[in-house]
Amino acid sequence: MNCLPCCSSSNDSPQPSPSKKSTRKSSKRSHKDGFHLTSFIERLSFKSGELPRQMIYLCRPQLGWIMHPCACLCADSSKQRAIAEELSRIGCDGKTTAKAFTFRELASATKNFKGDCLLGEGGFGRVYKGFLEKTNQIVAVKQLDRNGLQGNREFLVEVLMLSLVHHQNLVNLIGYCADGDQRILVYEYMPLGSLEDHLLDLPATKKPLDWSTRMKIAEGAAKGLEYLHETANPPVIYRDFKASNILLDEEYNPKLSDFGLAKLGPTGDKTHVSTRVMGTYGYCAPEYAMTGQLTTASDVYSFGVVFLEIITGRRAIDNSKPTSEQNLVTWAQPLFKDRRKFTQMADPALKGEYPVKGLYQALAVAAMCLQEEASTRPLISDVVTALEYLSVKDGQEGGPKLLSACSTDRNFDYSDIENPETDDRPQSESNANRKSCSSREG
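From a predicted model like this one, the values you see are computed outputs, not experimental measurements.

Focus: the overall build of the chain
In step 1: Counting its regular elements, the chain contains 12 helices and 15 strands.
In step 2: Across the 442 residues that make up the chain, the buried fraction comes to 51%.
In step 3: Partitioning the intrachain contacts of the chain with sequence separation of at least 6 by distance along the chain shows that 65% fall at a separation of at least 24.
In step 4: Carbon and sulfur atoms make up 48% of the accessible area of the chain, which totals about 21000 Å².

This is the structure we're talking about:
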């Protein structure tokens, strides 16, 4: 899908928003390794269109510099040294494991980037399967397109970000290459590819994901966002959450990848950060697309779109469908209001093999995440709590209880659809109850 680079927003004034409190005890604005992300991202906050023609420093004088308009680091040795020294200096007293590879090493690992090794390609470049003989390790090698959408800043952000944030649901960066004009990232190899490969436009010969696997993937992906939002300090806004960026290991455990568009979230009294709109059409939150004001709630909206894809098997944008069904969220909104039509939203590939109660609850989570008003969306940690419940296997007891959207601490429980088969209340009555709860909160 196409990315949406738009002009920067001129409205930088903070907007008031109601405070939210998460019920997950593990959600803390601190990091166990004690690093602070602001220290290196701030030095990478230049805008390529606004640099003077003379050379300016990227990080600090001894680390090399960037020249406008070509935006290339001044010398090959300076390029690698700039990244390597910055990683060593910031990365937890040198504990970072990202390795600086030569282009020759990676060419050898991928058989000179042979077509047979190609795993996929997108707006940022091509990804190859490689083998590192020194470590006897299979890896994924992403060679960035020199004329593509990801420039030096995005490359450095991704290298530094993935070298400093570590979680079981974030892809592990093994190393990078900055030889000459090459920009290459080396990741752990995820044998099952992306969620998109197993969910959308499947060939007839490929078995679709079952319901429990879908909920497992959604839960893991949400936990990756939870780490970025509520453990990293300051919070990190992923900004490009979509099915093709969720990679799967051999047991369908998901990991978020592609951090080139990641942005530090607001700190202190700020309610948002203002930036030019970047992301993928169909996944961007409406307030971000219209104003350029970015918050963690923007990621929650994107998660809601992907979760709806997981439930329905439909793409966020599908121009092959009738006009009224091309935009997934637009198609789903009227169906959210009539629970009698909820089963029509389930992926036909499931062939009815899903718990009806689980479907209703999953759609309720998606609907909450897709609220047009950012302040009414749940925290991602509360979404994780709900998904932990949904991912419990059928018949298994003891899962965490769903939370209530009407409680004062922004938890959600969806008690009105807890027993969908016996809930005969008119939809208007249910909606009135939700509005009443919202007014009490506000």
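Here the narrative resumes, following the displayed structure.
Focus: the UniProt feature "binding site: ATP" (unreviewed entry) in the chain
In step 1: The feature "binding site: ATP" (unreviewed entry), as annotated in UniProt, sits at K142 in this numbering.
In step 2: If you trace the backbone, K142 turns up in strand 7 (residues 137-144).

Observations concerning the packing of helix 8 (residues 296-312) against helix 10 (residues 356-369)
In step 1: Put simply, helix 8 and helix 10 touch, their axes get as near as 7 Å, and they point 150 degrees apart. Put simply, helix 8 runs roughly antiparallel to helix 10. Every pair of crossing elements has a handedness; the one defined by helix 8 and helix 10 is left-handed. In contact with V300, Y301, F303, G304, F307, L308 and I311 of helix 8, helix 10 contributes L359, A362, L363, V365, A366 and C369.
In step 2: Of the residues that constitute the contact of helix 8 with helix 10, the class distribution is 12 nonpolar, one polar and no charged.

Here we look at the packing of aromatic side chains
How two aromatic rings sit relative to each other is set out by the distance from centre to centre and by the angle between their planes.
In step 1: With the rule as written, the count across this model stands at eight aromatic pairs.
In step 2: Residues F103 and F113 carry aromatic rings whose centres are separated by 5.6 Å and whose planes lie at 20 degrees to one another, so their mutual orientation is stacked. Residue F103 is located in helix 3 (residues 103-109), and its partner F113 is located in the loop between helix 3 and strand 5 (118-122); the two are separated by 10 residues in the primary sequence.
In step 3: On the accessibility criterion, F103 (27% relative accessible area) is partly exposed.
In step 4: Taken together, the ring pairs connect Y238, F241, F259, F303 and F307 into an aromatic cluster.
In step 5: Taking the ring centre of F101 as reference, the NZ or CZ of K99 above it sits at 5.3 Å.
In step 6: Lying across the ring of F155, R183 places its NZ or CZ 5.7 Å from the centre.

Describing the nonpolar core
In step 1: If you look at the biggest cluster of nonpolar residues, it comprises 88 residues, and the most contacted ones within it are L256, F303 and F307.
In step 2: Beyond its immediate chain neighbours, meaning those up to four positions away, F307 contacts M215, A218, A362, V365, A366 and L387.

A look at the pairing of strand 9 (residues 184-188)
In step 1: Most of strand 9 sits out of view: five of its five residues are buried.
In step 2: As defined by bridge partners, strand 7 adjoins strand 9 across five bridges and the pair is classed as antiparallel. Its bridge partner being in strand 9, V139 is matched across the sheet by E188.
In step 3: With four bridges connecting them, strand 8 (residues 173-177) and strand 9 associate as antiparallel partners.

What about helix 10?
In step 1: Taking 1.5 Å of rise per residue, 14 residues should cover 20 Å, and helix 10 covers 20 Å from first to last C-alpha, within 8% of that figure.
In step 2: For helix 10, the buried fraction is high: 11 of the 14 residues fall into the buried class.
In step 3: Buried positions along helix 10 lie against helix 6 (211-230), helix 8, helix 9 (328-336) and helix 11 (380-390).

Regarding the sheet that holds strand 4 (residues 99-100)
Adjacent strands of a sheet pair through backbone hydrogen bonds, lying either parallel or antiparallel.
In step 1: Pairing is mixed in the open sheet, where six strands are placed in the order 4-8-9-7-6-5. Taken across any chain shown, the strands that pair with only one partner, and hence form the sheet edges, are strand 4 and strand 5.
In step 2: Sheet topology note: the strand 6 (residues 125-132)/strand 7 ladder contains eight bridges and is antiparallel. Counted as the bridge partner of R126 is Q143 from strand 7.

Definitions and limits used
- Residues numbered from 1 in each chain as written.
- Predicted model: local features only at pLDDT ≥ 70, side-chain atom pairs only at ≥ 80, totals over all residues.
- Heavy atoms only, no water.
- Helix = DSSP H or I, 4+ residues; strand = E, 2+ residues; numbered from the N terminus.
- Buried < 20%, exposed > 50% of the residue type's maximum accessible area, 1.4 Å probe, protein only.
- Contact = heavy atoms within 4.5 Å.
- Areas by Shrake-Rupley, 256 points an atom, 1.4 Å probe, with all protein chains shown as cover.
- UniProt positions renumbered as here; feature names shortened; annotations may be inferred.
- Axes fitted to C-alpha atoms, helices over the stretch in contact; angles between N-to-C directions.
- Parallel < 35°, antiparallel > 145°, perpendicular 65-115°, else oblique.
- Left-handed = near helix turned anticlockwise from the far one by under 90°.
- Nonpolar A, V, L, I, M, F, W, Y, C, P; charged D, E, K, R; others polar.
- Phe/Tyr/Trp six-rings, centres within 6.5 Å; stacked < 30°, edge-to-face > 60°.
- Lys NZ or Arg CZ within 6 Å of the ring centre and 35° of its normal.
- Core = buried A, V, L, I, M, F, W, Y, C linked by side-chain atoms within 4.5 Å.
- Pairing = 2+ DSSP bridges.
- Expected span 1.5 Å × (residues − 1).

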